[in-house]
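# Secondary and tertiary structure notes
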Amino acid sequence: WRGQEGTPYSTLVPSDEVTINYRHGLPVITVMLPTRRERCQFTVKPVVTTVGAFLQDVQREDKGIERAEVFATDGSKVSDATLMEVLLMNDFKLVINNKAYSVSPPVKDKLSSEHATEMEDIKSLVHRLFVALHLEDHQIRKERELLQKLDHLKGELLPLEQMKARIMDSADAKTSRLLWVGLALMSTQGGALAWLTWWVYSWDIMEPVTYFITYGSAMAFYAYFVLTKQDYIYPHAKDRQFLHYFYRKSKKQRFNVERYNKLKDDLAEAEESLRRLRQPLHLRLPIQEINDKD
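Residues numbered from 1 in each chain as written. Predicted model: local features only at pLDDT ≥ 70, side-chain atom pairs only at ≥ 80, totals over all residues. Heavy atoms only, no water.

Bringing the packing of aromatic side chains into the picture now. Within this structure, the stated rule accounts for 6 aromatic pairs. Each ring, one from F42 and one from F54, has its centre 5.9 Å from the other, and the planes form 85 degrees; the classification is edge-to-face. A residue pair is termed long-range when its members are at least 10 positions apart, and F42 in strand 3 (residues 38-43) and F54 in helix 1 (residues 51-61) qualify at 12 residues. For F42, a relative accessible area of 7% gives the class buried. A residue is classified by how much of its surface remains accessible, and F54, at 2% relative accessible area, is buried. Site record: aromatic cluster; members linked through ring pairs are F242, F246, Y247, F255 and Y260. (Phe/Tyr/Trp six-rings, centres within 6.5 Å; stacked < 30°, edge-to-face > 60°. Helix = DSSP H or I, 4+ residues; strand = E, 2+ residues; numbered from the N terminus. Buried < 20%, exposed > 50% of the residue type's maximum accessible area, 1.4 Å probe, protein only.)

See below:
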C-alpha cells in the first residue's frame with residue numbers, strides 16, 4: 001500500500017496493534033509505540049482535539065517516531081485540522097514511520113446507548129459536587145456584597161431622610177394652616193351674609209348677592225379643573241398643596257429629590273435581591289449562621 005505521495009509502506013499491521021474503545025464516554029486510542037515496544041493509551045476529547053494534536057501527543061510519547069500521519073481508506077491524507085470526532089466516524093489508517101495500522105472505530109450509536117446511563121450519572125455527580133463546593137460560597141459572598149451595599153445606601157440616605165423629615169413637617173404645618181385659614185374665611189363669609197340678611201338688609205336684597213357668590217365659587221372650581229386637569233376634591237387638593245410647599249422648601253434648602261428617589265430605588269432593589277438570595281440560603285446553611293446574619 002502507498003501513501004498519497006506514493007511513499008511505500010509495509011503491509012498493513014493487524015488492527016489489534018491500534019485499538020479504540022470508549023471509557024466514560026471518551027474514546028481511548030491504544031497504540032503500540034515502535035521504539036519503546038509498549039502499548040500506550042491516549043484519551044482524546046473528540047469535540048476539541050484535532051488529528052494534528054493527537055499525532056503530536058503520539059510523537060511526544062516516543063521520540064523515535066519520525067513520521068506520524070493519518071489517511072482515509074481511499075489513500076487520501078487527513079488534514080491535521082480535522083476533529084477527532086469526524087475521524088472516528090469511519091475507518092482510517094494510522095501511519096507511524098513505515099508502518100500502516102488499519103483502525104476500525106467502534107460504532108458510535110451502539111456505544112452511546114451502552115454508556116448513556118453511565119454518562120448521565122457522571123454528569124449528575126459533577127453537578128452535585130459543583131453545587132456542594134461552590135454554590136454556597138458564591139451565595140455567602142453575594143450576600144455579604146449586598147449587605148455592604150445596603151449599609152452604604154443607608155448611610156447616604158440617613159442625612160437625606162432627616163432633611164426630608166424636617167421639610168415634610170414644615171410643609172404639613174403650612175398646609176394645615178392654609179386649611180384652617182380657608183375654614184375661617186368660609187365662616188366669616190357665612191357670618192357676614194347672615195348679618196347683612198337679618199340685621200342690615202332684607203333677603204330680597206341679599207338673594208342676588210348670594211347667587212353671584214355661589215356662581216363665582218363654581219367658576220373658581222372650574223378654573224381649578226382647567227389648570228390641574230383634576231376635580232376639586234379636598235384630599236387631592238390638600239396633597240397638591242402639600243407637594244407645592246414641599247418642593248418649594250426642598251429647593252430653598254437644596255434637598256436633591258431626584259437623588260433621594262434614586263437611592264430609595266437602589267435600596268429597595270438591594271433588599272429584594274437579598275430576600276431572594278436568602279431563600280436558598282435558609283435551605284443550605286446552618287441555622288446558627290443565618291441567625292448571626294439576621
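Read on, since the account is not over.
Looking now at the side chain of T228. Tracing the sequence through the fold places T228 in helix 4 (residues 203-228). Under the relative-accessibility criterion, T228 is labelled buried at 14%. Separated by 2.6 Å, the side chain of T228 and the backbone oxygen of Y224 make a polar contact. (Polar contact = N/O pair within 3.5 Å; in protein donor to acceptor, adjacent residues only side chain to side chain.)

To continue, consider the pairing of strand 3. Residues in a regular strand point their side chains to alternate faces of the sheet. Pairing between strand 2 (residues 26-33) and strand 3: 6 bridges, direction antiparallel. Note on strand 3: the bridge partner recorded for T30 is Q41. Linking two consecutive strands that pair antiparallel, namely strand 2 and strand 3, is a turn of 4 residues; a positive phi of about 55 degrees is found at R37 within it. (Pairing = 2+ DSSP bridges.)

The 3 strands are arranged 1-2-3 in an open sheet whose pairing can be described as antiparallel. With one partner strand each, in any of the chains shown, strand 1 (18-23) and strand 3 form the two edges of the open sheet. On average, each strand axis in the sheet is tilted by 25 degrees relative to the strand beside it, whichever way the strands run. Most of the contacts of helix 1 go to strand 3, to which it runs at about 145 degrees, and overall it touches strand 2 and strand 3. (Axes fitted to C-alpha atoms, helices over the stretch in contact; angles between N-to-C directions. Contact = heavy atoms within 4.5 Å.)

This next bit is on the nonpolar core. Counting 25 residues, the largest nonpolar core has V31, F54, V70, F92 and L94 as the members making the most contacts within it. Contributions of two or more residues to this core are made by strand 1, strand 2, strand 3, helix 1, strand 4 (68-72), helix 2 (84-87), strand 5 (92-96) and strand 6 (99-103). Here the element with the most residues in this core is helix 1; it accounts for 4 residues. Apart from the residues lying within four places of it in its own chain, the contact partners of F54 are I29, V31, F42, V44, T49, M84 and L94. Judged by nonpolar contacts, the second largest core, of 18 residues, contains I167, F242, F255 and L267. (Core = buried A, V, L, I, M, F, W, Y, C linked by side-chain atoms within 4.5 Å.)

On to the pattern of salt bridges, then. Enumeration over the complete set of coordinates arrives at 8 salt bridges. Ionic pairing is found between K77 and D80, a salt bridge with its closest N-O pair at 3.9 Å. Taking relative accessible area as the criterion, D80 reaches 41% and is therefore assigned partly exposed. Taking the shortest distance from any N to any O, the salt bridge between K264 and E161 comes out at 3.4 Å. Of the two residues, K264 is situated in helix 6 (residues 257-284) and E161 in helix 3 (residues 108-200); the sequence distance between them amounts to 103 residues. Classification of E161 by relative accessible area gives partly exposed; the value is 28%. The structure contains a network of salt bridges with shared partners spanning E272, R275 and R276. (Salt bridge = Lys/Arg side-chain N within 4 Å of Asp/Glu carboxyl O.)

Taking 1.5 Å as the rise per residue, helix 5 (residues 234-253) with 20 residues should run 28 Å; its terminal C-alpha atoms sit 28 Å apart, in good agreement. All of the buried residues along helix 5 are A237, F242, Y245, F246 and S250. One or two steps after helix 5, the chain reaches R254, where phi turns positive at roughly 60 degrees. (Expected span 1.5 Å × (residues − 1).)

A few words now on the sheet that holds strand 6. If you walk across this open sheet you meet the 3 strands as 4-5-6, and the pairing is antiparallel. Each of the sheet's edge strands pairs with one partner strand only, and the pair in question is strand 4 and strand 6. In this sheet, neighbouring strand axes are inclined to one another by 25 degrees on average, regardless of whether the strands run parallel or antiparallel. Here strand 4 runs beside strand 5; their pairing, made up of 5 bridges, is antiparallel. Counterpart to A72 in the pairing with strand 5 is F92. Where helix 1 meets the sheet, its contacts fall on strand 4 and strand 5, and the angle it forms with strand 4 comes to roughly 140 degrees.

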